[in-house]
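The primary structure of each chain is shown beneath.
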Amino acid sequence: MFISDTKIEEIKDAVDIVDLIGSYVSLVKRGRNYVGLCPFHNEKTPSFSVNPDGHYFKCFGCGKSGDAITFLQEYEGLDFNEAIKELAEKAHIDLGEAEFQKKQADYSVYYDINREAALYFMDNIKADEAAISYLKNRNINVNSVLEFGIGFALDSWDGLLNHLTKKGFSINDIEAANLIQKSEKRGTYYDLFRKRLIFPILDLKSRVVGFSGRIVGDGEPKYYNSRDSVIFKKGNLLFGLNLVQKKSDRSRIMLVEGNIDVVKLHQMGINYVVAALGTAFTDRQATLLKRYGKEVYLCLDGDFAGQKATVRDIEILRNIGVVPKIVVIPDNMDPDEYVDKFGKDKFDALLQDAVSAFDFTVSFYKQDLDINRRDDFIEFIRRVSGLIKTIPSKVEQSIYVEDISKKYNIDKNLLMEELSKNNEVFVANAYDVKSYTIPKASNKFIKILISYIITDKVFAVEAEKLNVLDYINNQSYADLIERIFKEYEKKEKIDVDEFTKSLINENEFGENLVKSMLSHVEIKEPTINYFNDVVDGIKREYITDKKDVLNKKIESATNDKDFDLVVELLKELDSLSEMDGD
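A brief report on the enclosed structure follows. In this text the structure is predicted, and so the values were computed from the model without any measurement. Position numbers for residues start from 1 in each chain and track the written sequence from start to end. Note on the predicted model: pLDDT of at least 70 is required for a residue's local features to be given, and 80 or more for side-chain atom pairs to be given and counted; whole-chain, interface and lining totals, by contrast, use all residues. Heavy atoms from the whole structure form the basis of all side-chain values; hydrogens and water molecules are not counted.

### Some words on the overall build of the chain
Part 1: Along the backbone of the chain there are 26 helices and 16 strands.
Part 2: Each residue's exposure class comes from its accessible area (1.4 Å probe, protein chains only) as a fraction of the maximum for that residue type: buried when under 20%, exposed when over 50%, partly exposed otherwise. The buried share among the 582 residues of the chain stands at 48%.
Part 3: Throughout, a contact is declared for two residues whenever any of their heavy atoms are within 4.5 Å. Contacts spanning at least 24 positions in sequence make up 62% of the contacts within the chain whose residues lie at least 6 apart.
Part 4: Surface accessibility follows the Shrake-Rupley procedure with a 1.4 Å probe radius. Residue values consider only the protein chains on display as shielding. Carbon together with sulfur atoms contributes 46% to the accessible area of the chain, which is approximately 29400 Å² in total. Helix numbering and strand numbering both begin at the N terminus, where a helix is a DSSP run of H or I of at least 4 residues and a strand a DSSP run of E of at least 2.

### With respect to the side chain of Glu86
Part 1: Mapped onto the elements, Glu86 comes out in helix 4 (residues 80-90).
Part 2: Within the buried core, Glu86 has no salt-bridge partner, and the shortest N-O distance to an opposite charge, that of Lys90, equals 4.4 Å.
Part 3: The residues contacting Glu86, other than those within four sequence positions of it, are Tyr24, Leu72, Leu78 and Lys205. Charge counting follows a simple rule: Lys and Arg are positive, Asp and Glu are negative, and His as well as the terminal groups are ignored. Within this document, salt bridges are pairs made up of a side-chain nitrogen of Lys or Arg and a carboxyl oxygen of Asp or Glu, the two lying within 4 Å of each other.

### With respect to the environment of Val244
Part 1: If you trace the backbone, Val244 turns up in helix 10 (residues 241-247).
Part 2: In this structure Val244 comes out as buried when scored by relative accessible area, which is 1%.
Part 3: The spacing of Val244 and Ile270 is 26 residues in sequence and 9.8 Å in space, taken between C-alpha atoms.
Part 4: Contacts of Val244, omitting those with residues within four sequence positions, involve Ile253, His266, Asn271, Tyr272, Val273 and Val274.

### As for the pattern of salt bridges
Part 1: Within the structure shown, the criterion is met by 21 salt bridges.
Part 2: Close ionic contact of Arg207 with Asp203 constitutes a salt bridge, the shortest N to O distance being 2.9 Å.
Part 3: By relative accessible area, which is 8% here, Asp203 ends up buried.
Part 4: For the salt bridge of Asp348 with Lys344, the shortest nitrogen-to-oxygen distance reads 2.9 Å. Taken together, the residues span about one helical turn, with Asp348 and Lys344 both in helix 15 (residues 344-352) at a distance of four residues.
Part 5: One salt-bridge network, in which partners are shared between bridges, spans Arg138, Lys264, Asp336 and Asp340.

### As for the side chain of Glu116
Part 1: Take Glu116: it is sitting in helix 5 (residues 97-125).
Part 2: Here Glu116 sits buried without a salt bridge, and the closest side chain of opposite charge, Lys167, lies 4.1 Å off (N-O distance).
Part 3: Not counting residues within four places of it along the chain, the set of residues in contact with Glu116 comprises His163, Leu164, Lys167 and Phe169.

### As for unusual backbone geometry
Part 1: Positive phi, close to 60°, is recorded for Asn178, a residue that is not glycine.
Part 2: Located in the positive-phi region is Lys195, a residue other than glycine, with phi close to 55°.
Part 3: Inspection of the secondary structure puts Lys195 in the loop between strand 8 (189-191) and strand 9 (196-202).
Part 4: The class of Lys195 is partly exposed, set by a relative accessible area of 33%.

### Let's talk about the packing of aromatic side chains
Part 1: What counts as a ring pair is set by centres within 6.5 Å for rings of Phe, Tyr and Trp (its six-membered ring), and what kind of pair is set by the plane angle: stacked under 30 degrees, edge-to-face over 60, tilted for all other angles. All chains considered together, the criterion is met by 23 aromatic pairs.
Part 2: Ring geometry for Phe40 and Tyr75: centres 6.4 Å apart, planes at 70°, overall edge-to-face. Here Tyr75 lies in helix 3 (residues 68-76) and Phe40 lies in the loop between strand 2 (33-36) and strand 3 (48-51), a separation of 35 residues in the sequence.
Part 3: Pairing Trp157 with Tyr190 gives two aromatic rings, centres 5.8 Å apart and planes at 85°, and the pair type is edge-to-face. In this pair, Trp157 is assigned in the loop between strand 6 (151-153) and helix 8 (159-166) and Tyr190 in strand 8, connecting sequence segments 33 residues apart.
Part 4: Overall, Trp157 belongs to the exposed group, its relative accessible area being 55%.

### A closer look at the sheet that holds strand 16 (residues 355-356)
Part 1: When DSSP finds two or more bridges between two strands, those strands count as paired. The strand order across the open sheet formed by five strands is 13-12-14-15-16, and the pairing between neighbours is mixed. Looking at strand neighbours, the two that pair on one side only are strand 13 (273-275) and strand 16, the edges of this open sheet.
Part 2: Direction of pairing for strand 15 (residues 325-326) relative to strand 16: antiparallel, over a ladder of two bridges. Looking at the pairing, Lys325 lines up with Ser356 of strand 16.
Part 3: Throughout, an axis means a line fitted to C-alpha atoms (over the contacting stretch in the case of helices), and angles, computed between N-to-C directions, take values from 0 to 180 degrees. Helix 12 (residues 283-292) contacts strand 12 (252-256), strand 13 and strand 14 (295-299) of the sheet and is inclined by roughly 150° relative to strand 12.
Part 4: Seen against the sheet, helix 13 (residues 304-319) touches strand 12, strand 14 and strand 15 and runs at an angle of roughly 160° to strand 14.

Coordinates in, geometry out; function isn't part of it.
Written as structure tokens, this is what we have:
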């Protein structure tokens, strides 16, 4: 046992779990607990609860739960003993070296091996003309070489292996650190990094956990990164983040493609830049971007592959509540080339002209299409509609529908009809951005209701008695139903065709919307019981819409730190849930 259970409990009791988690998450007192937005998944309504009496947290959305130790492990990516040590420091509890000696010995050898390897690589760079020439050509100065610990792997089969074994490290440990590999044919070991410029990869504790190598001269692959090990997970780290952590004010962070871009931009005083590590962008890396920058920028390659990667990264970031901005560099230049040629001020100006994630994605979607051709134009509308549907905020959806319809001369009603597929109605002009009035009801029950009332006055009278209009916050459908009620004041039966023509002639709704709203829903056995079920369905959807409105207001109040309002809104949400039987 690396640390006693008694000591663990002492540490947990000494740490105020509300203060701890509150330093990462905005929490609001609700009864005996504290609530906030879950840091482990994307949500708009607080479902994350912290219990100060029981010293635990629980998310009712994603199911994550645990104590202070678990929270640090999950949020900071620490192992158990690292979390314990950090909590002990916060609580001013002295653990003593003995508590951690055995555990540290498990992994410390790999950190020691990597550190010694980094020093070996740095020493090599002084003697290799090709490496020195490459750095000079890229205008990387000595200070940057030292700051990033840039080195060089000799064109030698076992130079690093011999160096490390002379330092007393075992071949098994060096192999476990993924610096050497055994030849199946010869049965001997050889270095994995050869004839490469070496960039050490550091974790947030500034420990060398891996390496990234770029070939100097001819050879493949162009880039080679350390394989994952017990201390290195490519998908959990970002190159340069250890420096961003120290130097940046966290107002912004930018993801670029390559290590050289990171080095050069930091050299020019642009100290908020990081790069992924030769692997597909991950949720964990997205979370790191979110944590270390209020504004997130993506500045990847401008070719098709780079644009495709950008669109994929946008989606990953959006899933955790981050909407990045896209920096587009003219003429597909790399960031380090651009800053070399035009300087820091011009590069900063590119951020002012950054493209929205939505506009960038739309532009990418039409890249392989000729929207002057009918079939391609239809495909473009389908793609854009699918993109808008992925946006969780209905307010944003409304704005983008307006923008797209104007920019590409698309009938807004047609775009809304495309969005309404799969039983999801979207009526842009019904969204009130300022008050967050966000109707989201499906058209299924409403269309059935219209079929009932337009074919039989008995049902129209019953619907009016039940005040059904009070439960329809889709204004276009509400106006239509009210027109039907008024029509029955003048006649006993409605001719649907004539009624449709009159609405179209009046031009109040638009032809496509009228036809959509009055599209026939066949009712085989029109009974009062089924009619009542339909009305109940509309009421349930009304309650759902109201919940969405409240959730949006709660999100806004939480961001504004108006905690009194948050509490009132949560009470209203509870009352609404009781009405719905939740």
